[in-house]
Amino acid sequence: MKGSNFRILKHLKMNLLRSLRTPGLRGALHYTETRTITSGTLHIKDPLNFWCGGRVNLKDVKTKSEPVYEPATGRVLCQLQACGAADVDAAVGSASAAFTVWSKLAGMERAKVMLEAARLIEKRREEIAEIEVVNNGKSITEARLDVDSARLCIEYFAAQATTLSGQHVQLPGGSFAYTRREPLGVCVGIGAWNYPFQIVAWKSAPAIACGNSMVFKPSPVTPVTAVLLAEIYSQAGAPEGLFNVVQGGQETGSLLCHHPSVAKISFTGSVPTGKKIMEMASRGVKPVTLELGGKSPLIIFEDSDLENAVRGALMANFLSQGQVCSNGTRVFVQSSILPQFLKEVVRRTKAIQIGDPLLDETRMGALVSKPHLEKVLAYVKQAKKEGARVLCGGEPFIPADSKLKAGYYMTPCVLDGCTDDMTCVREEIFGPVMSVLSFETEDEVLRRANDSALGLAAGVFTKDVKRAHRVIENLQAGSCFINNYNITPVEVPFGGYKASGIGRENGQVTIEFYSQLKTVVVEMGDVDSLF
Ligand SMILES: NC(=O)c1ccc[n+]([C@@H]2O[C@H](COP(=O)([O-])OP(=O)(O)OC[C@H]3O[C@@H](n4cnc5c(N)ncnc54)[C@H](O)[C@@H]3O)[C@@H](O)[C@H]2O)c1
Ligand SMILES: C[N+](C)(C)CCCC=O
């Protein structure tokens, strides 16, 4: 772990330069690499749990296994065995042991391991992205961007690790105080299925940068790529047990939350589960980060650049088959431009290429599971019943390629004539369904946009700079966009207002959610006792 500071600094600089060369979205659309996996061919046999520096076969073979599916084909990809109390205990024990070593390292030493992990991710970019596609169903183009986001996050927090510091405060009589920014201990990460690799990186990078260790539980629907990150950290020189993966669903998650050696819980998932996590954490007075659901507004004023507004609305609704927490699914359009907007948005939505997510030309892959597809289709049916007009999509889709016929596809849907009381406007659908609402004035649209218990994200399209900032100031949301949508650079905080969450991921502020401050008062004179 020792090495000259000069070498580490050079490494940091090289990685910064490399990250600056990362293709943006436009670059990624034309990115092609040698394909190693095709849909319907991957079988995963290796154990998916990881602690004490390696993959672990569960001892209790009686535990019932659950199938994990490939959404593109509907085929079983692997079997998942849930970790029980003894397994969770072993993983937390492994993380506790690593914490004693890792927390004592200098920031530069931690950064070195993290930058090596980032380098390995870049090297394995295509392989990780392909495996993510097979397990999640999203298009390869998006999966590559997710892998890039994971890598950039680790690079960003490697740099943060080198800058962690406290304060020095001068006190009367030559006495002084100082603060130390210290890690919390073993952190638990619990992830959702929509951005499996990105979520595990967004949680582990700030945690380990601050000197914590982590036990991560992915969603049982997408258990595969978190283990790849565990192997990468290990190969990068992390001490055994620094980053561990346990598999399972709510029982395993709840064992982790209640474990007495766990210091913090960082959760990404639905609002109902987030509430349960907070309740469990409260019993041990453990801090939580909660990244929960949304029903975010996107407001398009009549003076917008219409071409950009339409592109923004598509980015706000159809990434990852619409399964994105921050999606702007309530699209408020000023009535004077509604007809042009609808014409263009429908034309472009109909042109979205649905199909094999491992093909470069595909823009929309499969939804994550059959029950989830059915749930989304039921929302479209309900919207029709409540009076919304389906302008396009909202139907099951069967690709021409016969190996994909049992996959979970649907056509992206645009709903017009929506009103604020409709189910499709009030509830998070988490699928490719855009609800369009008409508005007249700024005051009116602000009131309607804020009429939600959720507050994850919001967006506004207008050429009027003053209006843009005024509207954003009055929107109750944590992650806001002006003249774009769903752009989440790792250098800026991401998270929600209201029931959409607590705490932030990414950006400098996240350091505060994975560390604690120790104040040390130093007396330089005599003790002035009152007794
Ligand atoms: N704000 C964000 O950053 C963000 C990002 C992605 C997804 N999400 C949200 O996630 C939701 C979709 O994901 P999901 O369906 O996987 O969510 P979910 O709440 O069903 O599950 C999330 C995770 O929690 C685990 N879990 C479930 N019950 C638990 C319990 N009682 N104790 C401990 N763990 C438990 C699950 O196994 C899974 O790993 C959507 O609402 C979406 O908006 C939010
Ligand atoms: C990178 N996105 C697309 C904004 C997704 C953030 C995580 C939410 O599901």
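Residues numbered from 1 in each chain as written. Chains lettered and ligands numbered in written order. Predicted model: local features only at pLDDT ≥ 70, side-chain atom pairs only at ≥ 80, totals over all residues. Heavy atoms only, no water.

Another aspect to go through is the confidence of the model for the chain. When pLDDT is averaged along the chain, the result is 94; 93% of the residues meet or exceed 70. Of the two predicted TM-score estimates for the complex, the pTM is 0.93 and the ipTM is 0.96. (pLDDT = per-residue confidence, 0-100.)

Here the phi dihedral of Phe-430 falls at roughly 65 degrees; this positive angle occurs in a residue that is not glycine. For Phe-430, the position within the fold is in the loop between helix 14 (423-426) and strand 16 (433-439). Owing to a relative accessible area of 16%, Phe-430 belongs among the buried residues under this scheme. (Helix = DSSP H or I, 4+ residues; strand = E, 2+ residues; numbered from the N terminus. Buried < 20%, exposed > 50% of the residue type's maximum accessible area, 1.4 Å probe, protein only.)

Topologically, Lys-286 is positioned in the loop between helix 10 (271-283) and strand 11 (288-291). Although Lys-286 lies buried, it forms no salt bridge, and the closest oppositely charged side chain, Asp-89, sits 11 Å away as judged by the N-O distance. Reaching out from Lys-286, the side chain makes a polar contact with the backbone oxygen of His-259 at a distance of 2.7 Å. Contacts of Lys-286, omitting those with residues within four sequence positions, involve Cys-257, His-258, His-259, Pro-260, Val-262, Ala-263, Ile-265 and Ala-281. (Lys, Arg positive; Asp, Glu negative; His and termini not counted. Salt bridge = Lys/Arg side-chain N within 4 Å of Asp/Glu carboxyl O. Polar contact = N/O pair within 3.5 Å; in protein donor to acceptor, adjacent residues only side chain to side chain. Contact = heavy atoms within 4.5 Å.)

Bringing the site of ligand 1 into the picture now. Near ligand 1 there are 29 residues, and of these Gly-191, Ser-270, Thr-273, Leu-292 and Glu-428 occur at the shortest range. At 2.9 Å, a side-chain N or O of Trp-193 approaches an oxygen atom of ligand 1. Separating an oxygen atom of ligand 1 from a side-chain N or O atom of Glu-291 is a distance of 3.4 Å. In isolation ligand 1 exposes 850 Å². Once the protein is present, 88% of that is buried. Taken together, the elements giving at least two residues each to the shell around ligand 1 come down to helix 9 (250-258), strand 10 (262-268) and helix 10. Ranked by residue count, the leading element in the shell around ligand 1 is helix 10, at four residues. (Near = heavy atom within 4 Å. Areas by Shrake-Rupley, 256 points an atom, 1.4 Å probe, with all protein chains shown as cover.)

With six bridges connecting them, strand 3 (residues 65-70) and strand 4 (residues 75-81) associate as antiparallel partners. In the strand pairing of strand 4, Val-68 is matched with Cys-78. (Pairing = 2+ DSSP bridges.)

So, on to the pattern of salt bridges. Within this structure, the stated rule accounts for 25 salt bridges. When the shortest N-O distance is used, the salt bridge between Lys-370 and Glu-374 registers 3.7 Å. Of the two residues, Lys-370 and Glu-374 are both situated in helix 13 (residues 370-385); the distance of four residues between them amounts to about one turn of the helix. Judged by relative accessible area, which is 48%, Lys-370 ranks as partly exposed. Residue Glu-444 is joined to Arg-448 by a salt bridge in which the shortest nitrogen-to-oxygen separation is 2.6 Å. Here the residue Glu-444 and the residue Arg-448 both occupy positions in helix 15 (residues 442-449), the gap between them amounting to four residues, near one helical turn. What makes Glu-444 buried here is its relative accessible area of 19%.

Under the UniProt annotation, the feature "domain: Aldehyde dehydrogenase" (unreviewed entry) is placed at residues 64-520. Helix makes up 40% of residues 64-520 and strand makes up 20%, while its end C-alpha atoms are separated by 51 Å. (UniProt positions renumbered as here; feature names shortened; annotations may be inferred.)

Moving on to the pairing of strand 11. Burial along strand 11 is two-sided: the residues Val-288 and Leu-290 and Thr-289 and Glu-291 are all buried. For strand 10 and strand 11, the ladder comprises four bridges, and the chain directions are parallel. Following the sheet pairing, Ser-266 is matched in strand 11 by Thr-289. Note on the crossover from strand 10 through helix 10 to strand 11: the handedness is right-handed. Relative to strand 21 (residues 501-502), strand 11 runs antiparallel, the two being bridged by two bridges. When the sheet's bridge partners are listed, Leu-290 is paired in strand 21 with Ile-502. (Right-handed = clockwise from strand over helix to strand, strands pointing away.)

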